[in-house]
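A structural walkthrough
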Amino acid sequence: VLHFLRLAFVLVWDCRSGRSSGQLTCVCLRAQRYVPSAVKELIKKDLDLSDFQTGSLITAFMAVFLLCTPVVSVLADKGWSRKKIIIAGVLVWSVAAASGSLAVNYWTLLIPRFFVGAGEAAFGPLAQTIISDYFPRKQRPIMLAVYDTAVPCGVALGYLGGGVIGQYMGWRYAFLVTSLPGFMIVLLAFVRMPVPGESEPDERSQKPALLGETLRHLAHSPRYIFAVVGSTLFAFGKGLLGDWSAAFFARMHGLS
């Protein structure tokens with residue numbers, strides 16, 4: 001059965017119905033993350049910023065995102081409503097992303113990026129748990145894989161949409177326009193969230209492991225450690241290219 005507006009943020013192909021339900025919020029979150037990078041040169045010229053200042057925008061986002069993600073996960077484990085956490089987080093994200101269009105100096109541009117990071121942290125970890133509750137084990141890999149397609153789609157949309165809007169309407173409109181779809185998260189208020197373990201009844205009866213026990217287990221797992229190290233190195237290079245490639249082509253090759 002097709003769950004009406006399932007998650008409202010996952011363009012997940014439904015194995016049980018052959019249809020799609022929406023993932024636009026996740027795409028928009030990823031898009032807004034890279035809009036400042038797409039219009040970096042416009043921001044730098046308008047606000048008279050240095051390369052360090054423009055580069056610190058994504059650093060500020062990532063730092064807060066890193067700190068808030070485990071906090072959100074712990075709150076969900078303690079029984080807080082996942083729906084309410086996601087709605088609150090994405091609304092914070094939307095307001096913060098839009099407020100960046102009103103920036104008049106470096107600090108009024110930087111501070112909203114902290115809140116953008118905090119808002120997005122409420123989305124990613126919980127989205128994956130909800131998908132796991134909707135689909136049984138055999139279907140989860142493809143569901144999570146399709147969910148993750150929001151990342152490249154969002155990045156591409158952020159660069160293309162942010163760049164085009166920035167060129168023809170100005171960087172402030174690029175911030176504003178790409179933040180508006182986030183407000184569609186209020187639709188989640190009308191979507192039924194699954195009960196933890198709903199797709200696998202036997203999982204519901206299992207006692208969750210304590211945080212300390214989980215961390216000790218992962219610390220002794222070479223596969224997990226190598227995966228984390230590899231992902232960290234990959235993210236370092238990806239973040240560098242993602243934030244500076246547009247500025248590089250603009251400065252070195254005269255591209256818009």
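Just above sits the structure.
Within any chain, residue numbers begin from 1 and follow the written order of that chain's sequence. With pLDDT at 70 or above as the cut-off, local features in this predicted model cover only qualifying residues; side-chain atom pairs require 80 or more to be listed or tallied, and sums for whole chains, interfaces and linings still use all residues. Hydrogen atoms and water are omitted, and side-chain values are computed over all heavy atoms in the structure.

Quick look at the overall build of the protein
- In DSSP terms, a helix is any run of H or I states spanning at least four residues, a strand is any run of E spanning at least two, and both are numbered starting from the N terminus. Helix and strand content of the protein: 12 helices and zero strands.
- Each helix and strand of the protein, placed in order from N terminus to C terminus, yields the pattern α-α-α-α-α-α-α-α-α-α-α-α.
- Within the protein, the fraction of its 256 residues that count as buried is 41%. Relative accessible area decides the class of each residue, using a 1.4 Å probe on protein chains only: under 20% of the type maximum gives buried, over 50% gives exposed, and in between gives partly exposed.

What to know about the pattern of salt bridges
- Between Lys or Arg on one side and Asp or Glu on the other, a salt bridge is scored when a side-chain nitrogen of the former is within 4 Å of a carboxyl oxygen of the latter. One pass over the structure, following the stated rule, counts six salt bridges.
- The salt bridge involving Lys40 is made with Asp243; its shortest N-O contact spans 3.3 Å. Pair noted here: Lys40 is in helix α2 (residues 40-47) and Asp243 is in helix α12 (residues 222-253), with a separation of 203 residues, a long-range link. Just as Lys40 is buried, Asp243 falls in that class too.
- In this structure, Asp51 engages Arg251 in a salt bridge whose closest nitrogen and oxygen atoms are separated by 2.6 Å.

A look at the nonpolar core
- Counting 22 residues, the largest nonpolar core has Ile86, Val116, Phe123 and Leu126 as the members making the most contacts within it.
- Looking at this core, the elements with two or more residues in it are α3 (51-77), α4 (82-99), α5 (106-121), α6 (124-134) and α7 (140-148).
- Of all the elements, α4 adds the most residues to this core, at six residues.
- In these notes, a set of buried Ala, Val, Leu, Ile, Met, Phe, Trp, Tyr and Cys residues joined through side-chain atoms within 4.5 Å is what counts as a nonpolar core. The next biggest cluster of nonpolar side chains, apart from the first, holds 15 residues, and it includes Leu49, Ala60, Leu109 and Trp171.

Brief notes about unusual backbone geometry
- The phi angle at Asp48 is positive, at roughly 55°, despite the residue not being glycine.
- Position of Asp48 among the secondary structure elements: in the loop between α2 and α3.

As for a nonpolar patch on the surface
- Where nonpolar side chains cluster on the molecular surface, the patch consists of Val95, Leu160, Val164, Tyr168, Met169, Tyr173, Leu176, Val177, Leu180 and Phe183 and spans about 970 Å² of accessible area.
- At the level of secondary structure, the elements contributing two or more residues to the nonpolar patch comprise α8 (150-169) and α9 (171-179).
- If you tally residues by element for the nonpolar patch, the top one is α8, at four residues.
- Structurally, Leu180 is set in the loop between α9 and α10 (201-204).
- Owing to a relative accessible area of 47%, Leu180 belongs among the partly exposed residues under this scheme. Here, patches come from residues exposed beyond 30% relative accessible area and free of salt bridges, joined within 9 Å for like charges and within 5 Å for nonpolar side chains (Val, Leu, Ile, Met, Phe, Trp, Tyr). Only the protein chains shown count as covering a residue, and every accessible area follows the Shrake-Rupley method with a 1.4 Å probe.

Quick word on the packing of aromatic side chains
- Only the six-membered ring of Trp is used, alongside the rings of Phe and Tyr, when aromatic pairs are assigned; centres must lie within 6.5 Å, and planes under 30 degrees apart are stacked while those over 60 apart are edge-to-face, with the rest tilted. Across all of its chains, the model carries five aromatic pairs by this definition.
- Summarising the aromatic geometry, the rings of Phe61 and Phe65 are spaced 5.9 Å apart at their centres and angled 15° between planes, so their arrangement reads as stacked. Here Phe65 and Phe61 lie together in helix α3, a separation of four residues that amounts to about one turn. There is no split in this pair, since Phe61 and Phe65 are both buried.
- To sit over a ring, a charge needs its Lys NZ or Arg CZ within 6 Å of the ring centre and within 35 degrees of the ring normal. Directly above the aromatic system of Phe65 lies the positively charged group of Arg33, at a separation of 5.6 Å from the ring centroid.
- The ring of Trp244 carries the charged tip of Lys40 above its face, separated from the ring centre by 4.1 Å.

Looking at the environment of Leu176
- Residue placement: Leu176 occurs in helix α9.
- Looking at Leu176, the relative accessible area reads 32%, which means it is partly exposed.
- Along the chain, Leu176 and Gly100 lie 76 residues apart, while their C-alpha atoms are 7.8 Å from each other.
- When near neighbours in sequence (up to four residues on either side) are disregarded, Leu176 contacts Ala98 and Ser101. The contact criterion used is simple: two residues touch if any of their non-hydrogen atoms lie within 4.5 Å.

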